[in-house]
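# Secondary and tertiary structure notes
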Amino acid sequence: MQKPLTCLRSGIDCVLRLFESHAMVSETPSESKAKTILIVDDMPANLGVLTSHLERQGYMAVVAQGGEEGIERARFVRPDLILLDVMMPGLDGFETCRQLKATPATRDIPVVFMTGLTDTSDKLTGFAVGGVDYVTKPLDGAEVLARIDTHLTLYGLRQRLEEQNEKMQAEIVARRETEAALLRSNTELEQLAYVASHDMQEPLRMVASYLQIVAQRYKGQLDADADEFIGYAVDGAKRMQALINDLLAYSRVGTKARPFEPIDCNRVLDIALGNLTVAIAESGANVTRGPLPVLMGDPSQLLQLFQNLVSNAIKFKRGASVTVRISAELAGDAWRLSVSDDGIGIAEEYFDRIFVLFQRLHGRGEYPGTGIGLAICKKIVERHGGEISVQSKVGVGSTFSFTIPRRG
Ligand code: ADP
């Protein structure tokens, strides 16, 4: 196919304009130095002038004299940008671009059209087939460089963004896998703790009861040391029983969870206080309560939660008696329930630690316990989608609060 006359003329103009404008172009090349530009044009004069112009600016220029050759070079060289003539015999610029964009290897390379056309619809076609920009013939050297520079920068930024995105996606996948593995191992550990403590209960019960029989039957018949030692052994066995029972309760939060149902917390508190009747009477506790809400929850776990918190409030009293208050209030999308006491209080530095398994602030001699109660509370509250925290002042008292989301 013969090239139209106007195009031939514009090729020569292009050469002239490039030489004219070269003096105005900054000699300090942009950061896109040593980038490869593929120039696709069927006019050898254009190719020669453009090539040397770009090379003087520090670019590597690769040329192709038609659409097919351009596609082949692009696949082979993988240039950073393609300057593509629109009017070419054989495969024209638009079709060449279409094919470049349809191939994964060349799809992302920015294409800048070189066009002598002034018709807007042709420019729009250029964008429609995947071009990022166009320069109009006769070419202006400074403009060509500015556009190349802009699109190389944009392309570089896009590539960096894509790389970062890929890296982030890989990190998300890795984190999800770690979380799943952690969940699996947590569940396994929980089951192990459950089975171990459950199976230990029976032999331990045997040890404890026979030790008690020995203590009762042979008290005073052996020497004083023997009575003392048997006493220690009975005490140790009882402590071990308490520990195993609490550990069992802890692992049951995950392994023996029941589906949520509407729970009237007033009713649950009645049962908890009923279970604590002796402790309340012995400690001279004055328990007051406000109205409590109906919540979606696991009934036996909520009972345990109330019971642990109230029993701690009674246990860690300061003087001869203690005042305990149970109340509830709305906090945004959740209910906040609180158990307050005027007991010994807790120093702020221990606010987080006390919710960790086996963490106690007092010796067994001062206050009995296993250090598991609050860890159970935390696990229960978290299973219900809430949070537990404490506010306290030493010598004044403590308030343990937990939230439970209100569900439709
Ligand atoms: P335990 O009661 O068996 O020691 P918990 O896990 O229930 O274990 O509590 C952990 C620690 O938190 C307790 O040993 C105690 O030091 C502190 N604590 C818990 N509740 C209160 C409270 N109401 N007042 C003061 N200290 C408390």
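Our subject in this report is the structure included herewith. Values in this document were obtained by computation on a predicted structure and should not be read as measured data.

## Focus: the site of the ligand
For the ligand, the set of nearby residues contains 21 residues, the closest of which are Asn312, Lys315, Arg360, Thr370 and Leu374. Between the ligand and Asp341 there is a distance of 2.9 Å, counted from a nitrogen atom to a side-chain nitrogen or oxygen. In this structure, an oxygen atom belonging to the ligand sits 2.9 Å away from a main-chain N or O atom of Gly371. Protein chains bury 98% of the 530 Å² of accessible surface belonging to the ligand in isolation. The biggest single contributor to the shell around the ligand is helix α10 (residues 299-315), with three residues. Tallied by class, the residues present in the shell around the ligand amount to nine nonpolar, nine polar and three charged.

## Side note on the side chain of Asp41
On the secondary structure map, Asp41 appears in the loop between β1 (36-40) and α2 (44-56). Overall, the relative accessible area of 0% leaves Asp41 in the buried class. Within the local environment of Asp41, its side chain forms a polar contact with the side chain of Asn46, the two groups lying 3.0 Å apart. Within the local environment of Asp41, its side chain forms a polar contact with the side chain of Lys137, the two groups lying 3.4 Å apart.

## Concerning the packing of helix α3 (residues 67-77) against helix α4 (residues 93-102)
Running from N to C, α3 and α4 cross one another at 25°; their axes reach a closest spacing of 9 Å. Overall, the two elements α3 and α4 adopt an arrangement that is roughly parallel. The way α3 lies across α4 gives a crossing that is right-handed. Contact with α3, carried on its side by Gly67, Ile71 and Ala74, involves Thr96, Gln99 and Leu100 of α4 and no other residues of that element. Split by residue class, the contact of α3 with α4 holds three nonpolar, three polar and no charged.

## Remarks on the pairing of strand β12 (residues 397-405)
The side chains of a regular strand alternate between both faces of the sheet. Burial within β12 is extensive, with seven of its nine residues counted as buried. The pairing of strand β10 (residues 334-341) with β12 spans eight bridges and is antiparallel. Bridging across to β12, Leu337 finds its partner in Phe402. Note that strand β11 (residues 388-393) and β12 share six bridges and pair antiparallel. Paired with Lys393 across the bridge in β12 is Gly397. Where β11 folds back on β12, the antiparallel hairpin that results is connected by three residues, among which Gly395 adopts a positive phi of roughly 80°.

## Here's the deal with the packing of helix α6 (residues 141-218) against helix α7 (residues 224-255)
At a minimum axis separation of 8 Å, α6 and α7 run at an interaxial angle of 155°. Comparing their axes, α7 and α6 come out roughly antiparallel. Considering how the two elements wind past one another, α6 and α7 form a crossing that is left-handed. Considered class by class, the residues forming the contact of α6 with α7 number 17 nonpolar, ten polar and five charged.

## What about the sheet that holds β10?
Sheet architecture is open: five strands sit in the order β7-β9-β10-β12-β11, paired in mixed fashion. This sheet does not close on itself; its edge strands, each paired only once, are β7 (286-289) and β11. Direction aside, neighbouring strands of the sheet carry axes that sit 15° apart on average.

## A closer look at unusual backbone geometry
In this chain, Lys137 is followed by Pro138 through a cis amide linkage whose omega measures 0°. Take Pro138: it is sitting in the loop between β5 (133-136) and α6. Unlike most non-glycine residues, Arg78 shows phi in positive territory, near 50°. Counting through the fold element by element, Arg78 comes out in the loop between α3 and β3 (81-85). Phi angles above zero are rare outside glycine, and Phe358 is one such case at about 70°. With respect to the helices, strands and loops of the structure, Phe358 is situated in the loop between β10 and α11 (373-383).

## Notes on the nonpolar core
Residues Leu305, Phe306, Leu309, Val310, Ile326, Phe400 and Phe402 are the most contacted members of the largest nonpolar core, which totals 40 residues. Mapped by element, the contributors of at least two residues to this core are α7, α8 (265-275), α10, β9 (323-331), β10, α11, β11 and β12. Counting residues per element, this core draws most heavily on α10, which supplies seven residues. If sequence neighbours within four positions are ignored, Val310 has contacts with Leu269, Leu273, Leu276, Ile326 and Val339. If you look at the next biggest cluster of nonpolar residues, it comprises 19 residues, including Leu38, Ile71, Leu84 and Val111.

The rules behind each value
- Residues numbered from 1 in each chain as written.
- Predicted model: local features only at pLDDT ≥ 70, side-chain atom pairs only at ≥ 80, totals over all residues.
- Heavy atoms only, no water.
- Near = heavy atom within 4 Å.
- Polar contact = N/O pair within 3.5 Å; in protein donor to acceptor, adjacent residues only side chain to side chain.
- Areas by Shrake-Rupley, 256 points an atom, 1.4 Å probe, with all protein chains shown as cover.
- Helix = DSSP H or I, 4+ residues; strand = E, 2+ residues; numbered from the N terminus.
- Nonpolar A, V, L, I, M, F, W, Y, C, P; charged D, E, K, R; others polar.
- Buried < 20%, exposed > 50% of the residue type's maximum accessible area, 1.4 Å probe, protein only.
- Axes fitted to C-alpha atoms, helices over the stretch in contact; angles between N-to-C directions.
- Parallel < 35°, antiparallel > 145°, perpendicular 65-115°, else oblique.
- Left-handed = near helix turned anticlockwise from the far one by under 90°.
- Contact = heavy atoms within 4.5 Å.
- Pairing = 2+ DSSP bridges.
- Core = buried A, V, L, I, M, F, W, Y, C linked by side-chain atoms within 4.5 Å.

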